[in-house]
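Observations on the three-dimensional arrangement
Spelled out from the first residue to the last, the chains are:
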Amino acid sequence: MKRFEPIAKGVSGILHGGDYNPEQWLKWKDGIWKEDLRIAKEAGLNSLSVGIFSWAMLEPEEGRFCFDWLDEVMDGLHKNGLTAVLATPSGARPAWLAQKYPEVLRVRADGHRNAFGGRHNHCLSSQVYRAKVKIINTELARRYGKHPALGLWHISNEYSGECHCPLCQAVFREYLRAKYGSLEALNEAWWSAFWSHRYTDFAQIEAPSPRGENDTHGLTLDWKRFTTEQTVDFYLHEIGPLKACAPQIPCTTNLMAGYTGLDYARLAEVLDVVSWDNYPQWTGSSEKDEQIALETGYFHDLMYGLKKKPFLLMESSPSATNWRPVAKLHRPGVHILQSLQAIAHGADSVQYFQMRKGRGGSEKFHGAVIDHVGHENTRVFGEIKKFGREILPQLDHIVGAPKPAKVALVHDYVNGWAIEGMRGALQGETGYTKTLMAHYGAFWRQGVPVEIIDQGASLEGYALVVAPMSYMLREGFADRVKAYVEGGGRFVTSYFSGYVNDTDLCFLGGFPGPLKEVLGIWAEELDALYPGDENAICWNGKQYRAFELCELIHAQGAEALGSYAGDFYAGRPALTAMTLGKGKAYYIAARTGADFLDDFYQSLLGELKLPAYPGGGGLSVQIRAHEKGETLFVINFGAQERLFKLDGEEIPVEAHGFALIERKS
Ligand code: GAL
Ligand code: ZN
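Note that the structure is a prediction, hence the values are computed from the model and not measured.

What to know about the overall build of the chain
Looking only at helices and strands, the chain has 17 helices and 25 strands in total. Its C-alpha radius of gyration of 26 Å places the chain within 12% of the 26 Å reference for a compact globule of 665 residues. Over its C-alpha atoms, taken along the principal directions, the chain stretches across nearly 80 × 70 × 45 Å. Here the chain holds 665 residues, and 59% of them are scored as buried. Roughly 25900 Å² of accessible area belongs to the chain as shown, and the carbon and sulfur atoms make up 52% of that amount. For the chain, the distance from the average site of its 69 positive side-chain charges to the average site of its 80 negative ones is 5 Å.

This is the structure in structure tokens:
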């Protein structure tokens, strides 16, 4: 197998760097900038990210550019063998721009325009904003597109939020006109006869807001889809000049773990590489940290799955995260585990926020490579250096290496929006992500790699596809599931699946709608339980807790494997299996704890004979498959030493320690 290509130009190993703001230290540049470069190399960094919020320093007045300082920074990086991740500065705009052109500022859902301030406070539809972004991006591309330090473009920062200004409303109406063609089709898709919401003119349509219409589900979904499309369009607008001057340099924008305001699966289509910012809330308590490790693993896999490719860890804190309600320090060793975990799940970089703590500003107490003391003799620096100098050099062969996952977990942003907006069951607290993480946990504990995909992705090549709470079945998904099962795949879904179509209209003729035949069931009713109330599922001679959501289903072709123990639906099926073609489709009718999910998935994994590396007690095993074989990342997030069993051997992994195991192919 050929060695995989590194993502950023100019770096052959894992990218190691972080957000660097030398412009905050212009006056001290003779001392501080030199120290920054010296300390970066001392830590084993090979890259730094610059220019992320530098617009006011790059264009201090409209049309007057000031690149001298950035020239010096870029040259300095190059001379010191560091690759530059260079940002476009649209994440925050200069005061002069907002003052002269107020339309660039964002309008909130309450109809009020924001004042200048903060960041991410701009309208993506404003032609003025777009024109100004194009000018500054073109200047940057012309000046640095061929600079030898440049390895990667970092587009803006954490695209997020929405704007309700008249310009955005107008573009939204155009989007709807293009999507539906006619008001009649739109009215039908939105079920607008309800509460007399029929639209007779596109001009009557407003973005959903608390001061107006907030509960027409088709409207809410289309607004979210539109916000994603506007962001995609803005991103393409941003990269236009960069691609024109430097087509060889990849582009990314940094995403956020649990952010659901955008359909990242759609945004990822236009990125050359996915990157994201990871700030797990480690507690120092072993039990809680095991759960945090699992959730963080889930988010890494979510990011990997967006392109089914290695990604970049664009930001992480080497210690405290200042915006958390409790900015707890990372305990000794946590930095290394957190960083290795990212690589284990498919990251080709470990990057920090931030290189040097600012003297002022709201992030002056956020963890950093260099603290206010100014030198490198700090505990945190020691951990970064150990990671950069001792551990990273062992991982050069991992760059670009994929993860060999045979299990797919379906997470769909649009389905998540529909679940969040639905009125009924648990009123918007239906717990989609929580449920996905619960199913994910059963594989995480078994050391079975999982790829997280959305409903639009191909199902080919997976031995098992798990799609809990597929409430909305997006166009084409049910057909793909059917073909997958008929072809020999195993498919698992749960209660609350197959209720609505793309525009949130209920399927008629019985749930789970177009999946009824594949699953061989009819879900007649959905029971929501009060907190503390419980039922149980009897399966395989055992009884498991069921709570929160219990669906009353009929087996219609499927075999009932398990049944309810209590309430008026005692004895009715709670777990079913349908044989279709060469495959099988399972339905779990109620929400259960990890005990059931562990047992159920272990039995399936056993039948499928998929390789598993069970850890337990906070021991996580992830795999990357490279040119010479596989690397097993065995990471112990627990406070006890664990024995990892491999081919009859027992390998001790100390508390908060790790083992990297090479297996030849
Ligand atoms: C990120 C952001 C960075 C910095 C960091 C602090 O969300 O992109 O600019 O604010 O948080 O944790
Ligand atoms: Zn706007």
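Focus: the packing of aromatic side chains
Scanning the model with the defined rule gives 36 aromatic pairs in all. Here the aromatic rings of W276 and F299 are separated by 6.4 Å at their centres, their planes lie at 50°, and the arrangement is tilted. With W276 in strand β7 (residues 275-278) and F299 in helix α10 (residues 286-307), the pair connects residues that are 23 residues apart, well separated along the chain. Both residues of the pair, W276 and F299, belong to the buried class. The interplanar angle of 75° and the centroid separation of 5.7 Å between the aromatic rings of Y279 and W323 together place this pair among those described as edge-to-face. With Y279 in the loop between β7 and α10 and W323 in the loop between β8 (312-316) and α11 (334-344), this pair connects stretches of sequence that are 44 residues apart. Among the residues examined, W323 registers a relative accessible area of 49% and is labelled partly exposed. Three or more aromatic residues joined by ring pairs make a cluster, and in this case those are F443, W539, Y544, Y586, F596, F600 and Y601. Just above the ring of W33 sits the side chain of K29; from NZ or CZ to the centre is 5.8 Å. Stacked on the ring of Y304, the Lys or Arg K403 has its end atom at 4.5 Å from the ring centre.

Overview of the site of ligand 1
The environment of ligand 1 is formed by F53, R119, N157, E158, N254, D277, Y279, E315, W323, F353, E363 and H366. Between ligand 1 and E158, the relevant distance is 2.7 Å, taken from an oxygen atom to a side-chain nitrogen or oxygen of the residue. Residue H366 places a side-chain N or O atom 2.7 Å away from an oxygen atom belonging to ligand 1. Look at ligand 1: alone it shows 310 Å² of surface, and the protein chains cover 95% of it.

Examining the coordination of the zinc ion (ligand 2)
For the zinc ion (ligand 2), every protein donor is listed as C123 (SG), C163 (SG), C165 (SG) and C168 (SG), and the spread of their distances is 2.3 Å. Of note, the donors binding the zinc ion (ligand 2) are all from one chain and are spaced C-x39-C-x1-C-x2-C. Judged by its relative accessible area of 0%, C165 falls in the buried class.

A look at the side chain of H164
One can find H164 in the loop between β4 (150-154) and α6 (166-180). On the basis of relative accessibility, which here comes to 5%, the residue H164 falls in the buried class. For H164, the contacting residues outside a window of four places in its chain are V107, R108, A109, Q169, A207, P208, S209 and W223.

Regarding the confidence of the model for the chain
Across the chain, the average pLDDT comes to 96, with 99% of residues at 70 or higher. Within the chain, the element-level pLDDT minimum falls on strand β23 (residues 642-646), averaging 93, and the maximum on strand β12 (residues 464-467), averaging 99.

Overview of the pattern of salt bridges
In total, this model carries 37 salt bridges according to the counting rule given. When the shortest N-O distance is used, the salt bridge between E62 and K100 registers 2.8 Å. Here E62, found in the loop between α2 (55-58) and α3 (68-79), pairs with K100, found in helix α4 (residues 95-100); they are 38 residues apart in sequence, far enough to count as distant. Taking relative accessible area as the criterion, E62 reaches 30% and is therefore assigned partly exposed.

What counts, and at which threshold
- Residues numbered from 1 in each chain as written.
- Chains lettered and ligands numbered in written order.
- Predicted model: local features only at pLDDT ≥ 70, side-chain atom pairs only at ≥ 80, totals over all residues.
- Heavy atoms only, no water.
- Helix = DSSP H or I, 4+ residues; strand = E, 2+ residues; numbered from the N terminus.
- Rg over C-alpha atoms; globule rule 2.2 N^0.38 Å.
- Buried < 20%, exposed > 50% of the residue type's maximum accessible area, 1.4 Å probe, protein only.
- Areas by Shrake-Rupley, 256 points an atom, 1.4 Å probe, with all protein chains shown as cover.
- Lys, Arg positive; Asp, Glu negative; His and termini not counted.
- Charge placed at Lys NZ, Arg CZ, Asp CG, Glu CD.
- Phe/Tyr/Trp six-rings, centres within 6.5 Å; stacked < 30°, edge-to-face > 60°.
- Lys NZ or Arg CZ within 6 Å of the ring centre and 35° of its normal.
- Near = heavy atom within 4 Å.
- Polar contact = N/O pair within 3.5 Å; in protein donor to acceptor, adjacent residues only side chain to side chain.
- Donors = N, O, S within 2.8 Å, 3.2 Å for Na, K, Ca; no water.
- Contact = heavy atoms within 4.5 Å.
- pLDDT = per-residue confidence, 0-100.
- Salt bridge = Lys/Arg side-chain N within 4 Å of Asp/Glu carboxyl O.

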